[in-house]
Amino acid sequence: MSRLLIRNGRVVDPSQDIDQGMDILLEDGRVAGLGERLEGPGDVEIVDAAGLVVAPGFIDLHTHLREPGFEYKETIETGCRAAVAGGFTAVCCMANTDPVNDDPSVTRFIRERASEVGLARVYPIGAISKGCLGEELAEVGEMVRAGAVAISDDCRPVVNSLLMRRALEYARSFEVPVAAHAEDIDLSDGGLMHEGAVSTRIGLKALSPVAEEVMVARDLLLAERTGGHLHLCHLSTAASLDAVRTAKARGVLVTCEVASHHFSLTDEDVAAANYDPNWKTNPPLRAAGDVAAVRQALADGTVDAIVSNHAPHHTDEKEIDFSEAPFGIVGLETAVSLALDRLLHGKVLGFDRLVRLFSTAPARAFKLPGGTLRVGAPADVTVLDPRRRHTVDPTRFKSKSRNTPFAGLKLRGGPVMTIVDGQVVWRAD
Amino acid sequence: MSIEAAAALSSKDVIGIASLEPMEIELILNTAEELLEVARRPIKKVPALRGATVVNLFMEPSTRTRFSFEVAEKRLSADTLNFSASTSSVSKGETLVDTARNLMAMAPDYIVIRHPNVGAPHRLASVVPASIINAGDGINEHPSQALLDAFTMRQHFGRLEGLKVVIAGDIRHSRVARSNVFLLEKMGAEVRFAAPASLLPVGVEELGAATFLRLEPALEGADVVMMLRIQRERQKNVNFPSLREYYDFFALTPERLELAAPNAVVMHPGPMNRGVEIDSLVADGPRSVILEQVTNGVAIRMAILYLLAGGRGEQAADS
């Protein structure tokens, strides 16, 4: 029997409209009590959270754990270490492994590995199509039964509109969202960075924002027609977010996410980085107007979740020319700190909205347990210190990969403790 | 029954359930009941259609429907001619109307038509004076199937009104589902369609059926469970992932059948994919009435031909 009493913290739980000083008692993997000045039983372990914010565990809807198949980039174990060190109690991992998670045996493998590791909760996302090839539906029902919480061909868009339509329809039987990497590959045209004045100035091949926007529009129309649940991954442009805003107002069953680098960096940062591939990501870092639109959409409720879009790549793959390097940025160990620094201290949003975006809303979007500190809920807790000043140091990442554009960045605010299933799985030094 | 039978059919053709009145449906079912007895005689023949000529025009592969019509025709003493797409002039590029006009020159009284194109029987009926019986047009209608299904249900429950009928499977490609829902709605039964949304046509609720995206909730308390054939050739693995998964989630298994009413019957229009939409233990089990459907099919088709004989000789409107 394990008991943990978190005392004197400021509890922020949007699921219960709570934002006040309270104590929380965790017992046997569940929230056992929530109130002012709780007294634990004799053998209780006490955590003093004075000056800290205590929130329901943060959930990352978009992570690449790379195992099976790309263990040289990341493994389920190193990915989970990175997750909890970044304040996440749960991660949803994308299907573009090798073999692709398009089969219940792969889904089960991921869950079993994660449970052996025993740190963050891992929710596998199954593929939409067999092999993520965009041709035939994968066995959605079998994967859901094995534990998949959504389906996505992330990293590849579903080009075939009929297949996307059928996926949205078929997934309704299993009540899982179809998570779309919205990109029209033809419009992307091999582009490397956001298309605009900056790409023209520095000469990198441009990737048009309309490549994202066209697909967002298509998928919203398909979701509206089919009644299927569409989840739009890593939205990054003003027009994409406008489309979601109006679709939500029309009652379309759509949720969406934003990656932490898309509210933190612009294409000017790419220019300043002197062709360093650690600034290369897809969707690309956008123009200042898009970043402002992303922040607005985070504040006004258009966006459901902030994600890491943790995309680890080996140093050997990134220390080459910008044009040759793979797209992707690691994010598990910086996403929450960036949100506190840029969004909270940047006065874009308050604690309630921030916790909503990391916990309550993502849990709801993918129908995951958690996202709340209600009595009886899983004892997953993220503790934040909004005043903690630290410098991003990739050499201390728990992740196997170091491909971050934030190295050396000084940030204010960060996670200090991560509790999963009532156990403290990470504590800041 | 609350619905009275009509005295005769109002049209020279039986093209779809959509165009039949409830009283006409009742008449066909009652007539079939009387004709069912012919099959039990040592000499299974009555002279009702002696001297009449029936052309069976099958432009799409069919075994059981074609045989069933042919047996019905022969038991009514009609002379029958069989056309099939592969052996006829159709394979040489002749249009349907030209084929029909040529046939009319030989003065048949009935044309039983199965055609891959929706509306082919309707078109034929408007240009030839013979009685047209639709034996299945594309994904539109299969009226004699719906009538034999209703007949089989009535045989078991003594009524159609209030019956809870589950129709499960590829609704979007199924003329059987469409004719059945038209008929059952007219006769006061409660229809439930069960399929993933990728196999349901848009606006299906407008047909009057409740829809379920999983089989189990649809089966709760059902009196009739009708499993549709998965037409593998139509799917291309875009509508559902695999036959394995289809069986796992949408097949009628003994366990799932437990959810239905204790005296529920199981139907299938055939041909069955055993181990895909229906488990053999169910197909061959005590609740299965699949072979009774086949027997009843002959009586229904006899009834249609017999009743149309009353309307024969009238000119088609615009022939």
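Look up: the structure comes first, before these words.
Residues numbered from 1 in each chain as written. Chains lettered and ligands numbered in written order. Predicted model: local features only at pLDDT ≥ 70, side-chain atom pairs only at ≥ 80, totals over all residues. Heavy atoms only, no water.

Chemist: Is there a simple way to think about the overall build of chain B in this case?
Modeler: Secondary structure assignment for chain B yields 11 helices and nine strands. Computed over its C-alpha atoms, the radius of gyration of chain B comes to 19 Å, within 12% of the 20 Å expected for a compact globule of 319 residues. By its C-alpha atoms, chain B is 55 × 45 × 40 Å across when sized along the principal axes. Looking at chain B as a whole, 58% of its 319 residues qualify as buried. Contacts in chain B between residues at least 24 apart in sequence constitute 74% of all its contacts with a sequence separation of at least 6. Just so you have it, chain B exposes about 12700 Å², and 52% of that area is on carbon and sulfur atoms. Side-chain charges in chain B split into 33 positive and 38 negative, and the spacing between the mean points of these groups amounts to 6 Å. (Helix = DSSP H or I, 4+ residues; strand = E, 2+ residues; numbered from the N terminus. Rg over C-alpha atoms; globule rule 2.2 N^0.38 Å. Buried < 20%, exposed > 50% of the residue type's maximum accessible area, 1.4 Å probe, protein only. Contact = heavy atoms within 4.5 Å. Areas by Shrake-Rupley, 256 points an atom, 1.4 Å probe, with all protein chains shown as cover. Lys, Arg positive; Asp, Glu negative; His and termini not counted. Charge placed at Lys NZ, Arg CZ, Asp CG, Glu CD.)

Chemist: Just to check I follow, could you spell out unusual backbone geometry for this structure?
Modeler: Leave glycine aside and you will find that most residues have negative phi; peptide bonds, for their part, are mostly trans. Residues and elements named next belong to chain A. Residue P99 is bonded to the preceding D98 through a cis peptide linkage, with omega at 0 degrees. Position of P99 relative to the elements: it lies in the loop between β7 (88-93) and α2 (104-117). With an omega of 0 degrees, the peptide bond between N282 and P283 qualifies as cis. With respect to the element layout, P283 can be found in the loop between α9 (267-272) and α10 (288-300).

Chemist: Explain the pairing of strand β14 (residues 254-259) of chain A here, please?
Modeler: Sheet faces and side chains relate simply in a regular strand, where the side chains alternate between the two faces. Residues and elements named next belong to chain A. The buried fraction of β14 is high, at six of six residues. Covered by surrounding structure in β14 are V254, C256 and V258 together with T255, E257 and A259, the residues of both alternating faces. Looking at chain direction, strand β13 (residues 230-232) and β14 are connected through three bridges and run parallel. The residue bridging H231 from the neighbouring strand is T255, located in β14. For the crossover from β13 across helix α8 (residues 238-250) to β14, the handedness is right-handed. Across three bridges, the pairing between β14 and strand β15 (residues 305-307) is parallel. For A259, the partnering residue across the bridge sits in β15 and is V307. (Pairing = 2+ DSSP bridges. Right-handed = clockwise from strand over helix to strand, strands pointing away.)

Chemist: Even after reading the chapter, I still don't get the packing of helix α12 (residues 335-344) of chain A against helix α13 (residues 351-365) of chain A, so can you show me in this structure?
Modeler: A pair of packed helices is captured by two measures, namely the crossing angle of their axes and the spacing between those axes. Residues and elements named next belong to chain A. Where α12 contacts α13, the two axes come as close as 11 Å, and the packing angle between them is 150 degrees. One element, α12, and the other, α13, form an angle in the roughly antiparallel class. The chirality of how α12 crosses α13 is right-handed. Along the contact surface, α12 presents A335, V336, A339, L340 and L344, while α13 presents F351, L354 and F358. In terms of residue class, the contact of α12 with α13 is made up of eight nonpolar, no polar and no charged. (Axes fitted to C-alpha atoms, helices over the stretch in contact; angles between N-to-C directions. Parallel < 35°, antiparallel > 145°, perpendicular 65-115°, else oblique. Left-handed = near helix turned anticlockwise from the far one by under 90°. Nonpolar A, V, L, I, M, F, W, Y, C, P; charged D, E, K, R; others polar.)

Chemist: Can you walk me through the interface of chain A and chain B in this structure?
Modeler: Where interface size is quoted, it is often the accessible area lost as the parts come together. Chain A puts 21 residues into the contact, and the matching count from chain B is 20 residues. Of the roughly 1700 Å² buried between chain A and chain B on both sides combined, carbon and sulfur atoms contribute 50%. Together, A:R166, A:Y170 and A:S173 form the three largest contributors to the area buried by chain A at its contact with chain B, with a combined 32%. Here chain A is connected to chain B by two salt bridges. Our enumeration of links across chain A and chain B arrives at 11 residue pairs in polar contact (both at pLDDT 80 or more). For the side of chain A that touches chain B, the secondary-structure elements that each account for two or more residues are α3 (140-146) and α4 (161-172) of chain A. Element by element, the count of residues in the side of chain A that touches chain B is highest for α4(A), at seven residues. Partitioned by chemical class, the residues of the side of chain A that touches chain B number eight nonpolar, two polar and 11 charged. (Buried area = accessible area lost by both parts, 1.4 Å probe. Salt bridge = Lys/Arg side-chain N within 4 Å of Asp/Glu carboxyl O. Polar contact = N/O pair within 3.5 Å; in protein donor to acceptor, adjacent residues only side chain to side chain.)

Chemist: What exactly am I supposed to notice about the nonpolar core here?
Modeler: Note on soluble globular proteins: their nonpolar side chains tend to be buried together. Core analysis: the largest hydrophobic core is formed by 169 residues, its most contacted members being A:L232, A:L298, B:L183 and B:F193. Setting aside chain neighbours within four positions, we find A:L232 in contact with A:A180, A:A182, A:V216, A:D219, A:L220, A:V244, A:V254, A:T255, A:C256 and A:E257. Core analysis: the second largest hydrophobic core is formed by 20 residues, A:V31, A:L52, A:L373 and A:M417 among them. (Core = buried A, V, L, I, M, F, W, Y, C linked by side-chain atoms within 4.5 Å.)

Chemist: Quick question: what am I supposed to make of the side chain of B:S144 here?
Modeler: By the secondary structure assignment, B:S144 is in helix α5 (residues 143-157). In this structure the side chain of B:S144 is engaged in a polar contact, spanning 3.0 Å, whose partner is the side chain of B:R301.

Chemist: What is the right way to read helix α1 (residues 76-85) of chain A from this model?
Modeler: One turn of an α-helix holds 3.6 residues; hence residues three or four places apart share an orientation. Residues and elements named next belong to chain A. In terms of burial, α1 is a largely internal element, eight of the 10 residues being buried. Along α1, the residues classified as buried are I76, T78, G79, C80, A82, A83, V84 and A85. Check the buried side of α1 and you find it contacts β7, α2, β8 (121-126), β17 (410-420) and β18 (423-427). Looking one or two residues past α1, G87 carries a phi angle of roughly 95 degrees, positive in sign.

Chemist: Is there a simple way to explain the sheet that holds β14(A) in this structure?
Modeler: Two pairing modes exist for strands in a sheet, parallel and antiparallel, and in both the strands are linked by backbone hydrogen bonds. Residue and element names in this part refer to chain A. With parallel pairing, eight strands are arranged side by side in an open sheet as β6-β7-β8-β9-β10-β13-β14-β15. Unpaired on one side and paired on the other, β6 (58-63) and β15 mark the two borders of the sheet. Geometrically, the sheet is characterised by an average inter-axis angle of 30 degrees between neighbouring strands, direction not taken into account. The strands that α2 touches are β7 and β8; relative to β8, the one it contacts most, it runs at about 170 degrees.

Chemist: Looking at this structure, I do not really get the pairing of strand β8 (residues 224-227) of chain B. What am I missing?
Modeler: All names here are of chain B. What you see with β8 is no split at all: V224 and M226 on one side and V225 and M227 on the other are buried throughout. With four bridges joining them, strand β5 (residues 164-168) and β8 adopt parallel strand pairing. For V166, the partnering residue across the bridge sits in β8 and is V225. In terms of strand pairing, β8 meets strand β9 (residues 265-267) through three bridges, oriented parallel. Looking at the pairing, V225 lines up with V266 of β9.

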